[in-house]
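Commentary on secondary and tertiary structure
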Amino acid sequence: MTDEITRKESPTTESKHATSSALETDRRTLLKGAAAAGGLIAGFTGPVYLRDFNYTQSVRAQTSEPVKIGFIEDESGNLAVYGIQKLHAAQLAIKEINEGKTLKGAPNIGAGFHASSGEIANTPPVISKEGSNLDIVGDPGERHQSELLYEEVSDILVDSNDRGILGREVRLVSADGQSNNTVWQQLARRMIQQDKVDVLVAGFASAEREAIRPIVDQAKQLYFYTNQYEGGVADANTFCTGPVCEQQVIPTVQYMVEKFGPRCYTIAADYNFGQLTAAWTKAFIPLVGGEIVGEEFIPLSVSEFSQVIQRIQAAKPDWVMTLLVGSNHHNYYPQAAAAGLRLPMASTVNMAQGYEHKRFPAPSLANMHNAIQYQMEVPTARNRAFVKRWMEMFPEDQYIGEMAQNTYFTIHLYAKAARLAGTTDQETVKKALELGWNIEAPEGSVFLEPGTHHCAHPIRLAVCDENHDVSFVRDWPVVQAWWLQRLGVNLIRHPEYKQYTPAEDPYFNMFVKT
Amino acid sequence: MEGVAVLFSVVYQLATNASFLLLAGLGLIVILGMMNIINLAHGELMMLGAYTATILYHRGVPFPLTVVAAFVVVALAGAVLERLIVRRFYGERLGALVVTWGISLVLSQGTLMLLGPFMPSIPIPSGSVSIGQYSFSVYWLILTAVTALLIVALGLLYNWTTIGLYARATMQKPDIARALGVNTDRIYLLTFSLGAGLAGLSGALLAPTVSIAPFMGQQFIAPAFITVVVGGATNVIAGALGASALLSFVKTPVGFLLGAFLGNVALLFAALIIIRLMPDGISATFQRWQDRRSRLA
């Protein structure tokens, strides 16, 4: 295949695909805005919107060489429990991309609608006669509490009409960060300068992300951070595809205060993630009538919790917020259970990421609550299909956590954006991503908000029972990552390279009783 | 009742903190305190013990037996290490430091390659008792008792048996011990295996309370060295006992009032001050004080 053909073919095939999927969307959804959006997408027949893209340069760069996805995660050390899942997610996504598959989804070009590939139910839902609630009886007769008129699509993996990305094979360039920030920096430099990766997907702990972000910015490297985190990163080169505090802390705290009472004791990992998530908890809890009766930050090296448990019992809380990170900290759960501490627990990380409910004997995690965006038990057909595909590739795996799923859809999202851009040139792909994207992930519809580079996610409240079975007791179809918008961040108009902290927003001490 | 509960809680916290320090330092008491080898592979020997116990436990062996098995397996591993590597470095403190660090890397990375990054943990045996608003893990109460028994047994072995006498002689004056017919080579081998075995034993005892992973040993290294070094080599067992009690008395109230982070800071700060004031450790200072008193009397 010559360069000439590549240039002519790839934008046209891609735009045909985009147009047809937009038209399908138009037929299937009840959204009035879809026609307008379809029109906008149809505008891509020639690269009109993307006319700033430097095609001569990008075509010169286009060869049959593989597209390199740089990938750093912790495959050993304290954080390996997360890193290995993420590695497998990347391997699965890349295998699918190379086999000509993609996730449903399309750029929204600012139209901002969600669920682009929802389908209308075959028969209209009926409101049940018994009960005063809005019970909606679906097609096979099961009852929902949801007023969505879409039917859940059975699988979200469709043909991409492409092999790899733009006909080029996708290759994973992966390295083990060994849970060590210095190693992370060395690896990031090596991937950017030596391997010249087309995109970098990396980072579990916030400390790791902050360690490599200056290196990423120096090289203007396109970088995806796929983890759930404390929020606030406003960086023109970084796209954060995991959920943040405002999407998880607020639903969790509200539920816990309503259900178990106002007194909360927070134990959190002593680094930026734990500190800032605890600050969110503290700032929000007065709004729902709760209070923090104790707050404790625990160094990542601590694994012996007898004393912490005694302190919690002395404070007599109604429930405990556990923001614990790493295998050392996870010992808290069996130790607390063995010491007879049976308080309800809430978290934004535990269970969904380190699958403590599968690793520790019941009932260590009994009564754990987490407003998750994904964990393996999410009860939808598309997720079951995803889990099945995963387990076929990695039959030994015990669990698929939140950040593994994020890594999976993020790599598919990158592939879609690069196909639309017609190149893997990093600046062009960043522009293509900044159209705003809707992608159908196993968790549900995810919307990449272009101005802040963060994602709106569906959020579900997961509860773990005595036998470590998980059920979902509340459901928020779309929760925006609104905090950076509130601070006036718009990376397209005003590029920035910093992380905002709650100290920069007066909201955080507005309601705190001193 | 409230008063009793608080009192018991305080005693429980003191006891768990002290016995954690002692368990972490148990094998090092022998290898560093008696043999004067800076053993940086101590954490990995504990890790081997924890792995042995975990693997056997999941094959259906009762937990107490797995602890015994961990002692035997790690003692044998220690014997192999001593024969092949460590014995070439007796008397070379820095050489031993580097070589044991190398052993620790090989053991942890080797475990990672052979057995993967984690293992399912052992459930914590026995339940809890509650007094007032506080509740306590029975397993930690048992651990405290077992630690006390192990320390007493080690003290008896070291001070009251012929092997203990030979060991002390060999460590103090190897030439003279050899001249008196002690097989010092064998004594070195036995002492190092005993130290390794004790590290494995305490690793197995702590296994239910920690995550089982190749790098788990690192969390024990700092507490182990602090306990043994603060205790000093003059009378290593009494020293370690005194050090763990003293450090626990500093860490427990600070940790309870101000949190785990400041509790650790207080522990390290106390160790710093003690080593500054008593460079040979608590036991040496105690010994001097006792000597002076006996001279006066």
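Residues numbered from 1 in each chain as written. Chains lettered and ligands numbered in written order. Predicted model: local features only at pLDDT ≥ 70, side-chain atom pairs only at ≥ 80, totals over all residues.

1. Digging into the overall build of chain B
To keep it simple, the criterion reads: Labels follow the DSSP assignment, with helices taken as runs of H or I lasting at least four residues and strands as runs of E lasting at least two, numbered in each case from the N terminus. Within these notes, the globule rule equals 2.2 Å times the number of residues to the 0.38 power, and the radius of gyration is based on C-alpha atoms. As a rule, residues whose C-beta atom has 12 or fewer other C-beta atoms within 10 Å are exposed, those with 20 or more are buried, and those in between are partly exposed; C-beta atoms are placed from the backbone. By definition, residues are in contact whenever their C-beta atoms, placed on the basis of the backbone, come within 7 Å of each other.
Looking only at helices and strands, chain B has twelve helices and two strands in total. What you see in chain B, going N to C, is helices and strands ordered as α-α-α-α-β-β-α-α-α-α-α-α-α-α. Its C-alpha atoms give chain B a radius of gyration of 20 Å, near enough to 19 Å, the size a compact globule of 297 residues would have. In terms of overall dimensions, chain B has C-alpha extents of about 65 × 60 × 30 Å along its principal axes. The 297 residues of chain B split such that 51% are buried. Taking the contacts inside chain B whose residues are at least 6 apart along the sequence as the reference set, 75% of them involve residues at least 24 apart.

2. Focus: the confidence of the model for chain A
Residues and elements named next belong to chain A. Our working definition: Scored between 0 and 100, pLDDT is the confidence that the predictor attaches to each residue.
Of the residues in chain A, 78% reach a pLDDT of 70 or more, and the chain-wide mean stands at 80. Between residues 1-49, whose pLDDT stays under 50, and residues either more than four places distant or in other chains, the model counts 64 contacts. Segment residues 109-117: pLDDT under 50, and 30 contacts once partners within four positions in sequence are set aside and those in other chains are kept.

3. Some words on helix H4 (residues 93-115) of chain B
Residues and elements named next belong to chain B. Stated precisely, the cut-off is as follows: Helix span, expected: 1.5 Å multiplied by one less than the number of residues in the helix.
Over its 23 residues, H4 runs 32 Å from end to end, which matches the ideal 33 Å to within 8%, given 1.5 Å per residue. Every buried residue of H4 is listed here: Ala96, Val99, Thr100, Ser104, Leu107, Ser108 and Thr111. Taken together, the buried residues of H4 touch helix H2 (42-58). In the stretch just after H4, Gly116 is the one whose phi turns positive, near 85 degrees.

4. Remarks on the nonpolar core
What counts is decided by this rule: Nonpolar core, as used here: buried Ala, Val, Leu, Ile, Met, Phe, Trp, Tyr and Cys residues forming one set through C-beta atoms within 7 Å. Domain start and stop points were drawn from an automatic or database domain assignment.
Membership of the largest hydrophobic core comes to 230 residues, with the highest contact counts inside it found for Ala417 of chain A together with Ala50 and Val74 of chain B. Residues lining this core come from more than one domain, with at least three contributed by each of domain 1 (3-118 + 156-243 + 378-450) and domain 3 (246-372 + 499-510) of chain A. In contact with Ala417 of chain A, other than residues within four places in its own chain, are Val429, Ala432, Leu433 and Trp437 of chain A.

5. Observations concerning the packing of helix H9 (residues 306-315) of chain A against helix H1 (residues 2-34) of chain B
The line we're drawing: Axis lines are fitted through C-alpha atoms, for helices just across the contact stretch, and the angle between N-to-C directions can take any value from 0 to 180 degrees. For classification, angles of less than 35 degrees are called roughly parallel, those exceeding 145 degrees roughly antiparallel, those between 65 and 115 degrees roughly perpendicular, and all remaining angles oblique. Here a crossing is taken to be left-handed if its near helix is turned anticlockwise relative to the far helix by less than a right angle, and right-handed if that turn runs clockwise. Following the grouping adopted for this structure description, the nonpolar residues are Ala, Val, Leu, Ile, Met, Phe, Trp, Tyr, Cys and Pro, the charged ones are Asp, Glu, Lys and Arg, and the polar ones are all others, Gly among them.
Here H9 of chain A crosses H1 of chain B at 165 degrees, and the two axes come no closer than 9 Å. Relative to H1 of chain B, the element H9 of chain A is oriented roughly antiparallel. By crossing handedness, the relation of H9 of chain A to H1 of chain B is classed as left-handed. Within the contact between the two elements, H9 of chain A uses Ser306, Gln307 and Gln310 of chain A and H1 of chain B uses Ser9, Gln13, Thr16 and Asn17 of chain B. In terms of residue class, the contact of H9 of chain A with H1 of chain B is made up of no nonpolar, seven polar and no charged.

6. Some thoughts on unusual backbone geometry
Residues and elements named next belong to chain A. Following Ala362, the chain continues to Pro363 via a peptide bond in cis, the omega torsion being 5 degrees. Note that Pro363 resides in the loop between helix H12 (356-359) and strand E19 (368-372). The phi torsion at Asn161 lies on the positive side, around 55 degrees, for a residue other than glycine. Within the secondary structure, Asn161 sits in the loop between strand E9 (157-159) and strand E10 (170-176). A positive phi angle is found at Asn367, which is not glycine, with a value near 70 degrees.

7. Considerations on the interface of chain A and chain B
In this assembly, 35 residues from chain A lie in contact with 34 residues from chain B. Secondary-structure elements contributing two or more residues to the side of chain A that touches chain B are helix H4 (80-98), strand E16 (291-298), H9, helix H10 (326-330) and helix H11 (332-338) of chain A. The biggest single contributor to the side of chain A that touches chain B is H9 of chain A, with six residues. Here the residues of the side of chain A that touches chain B are counted per class, giving 14 nonpolar, 15 polar and six charged.

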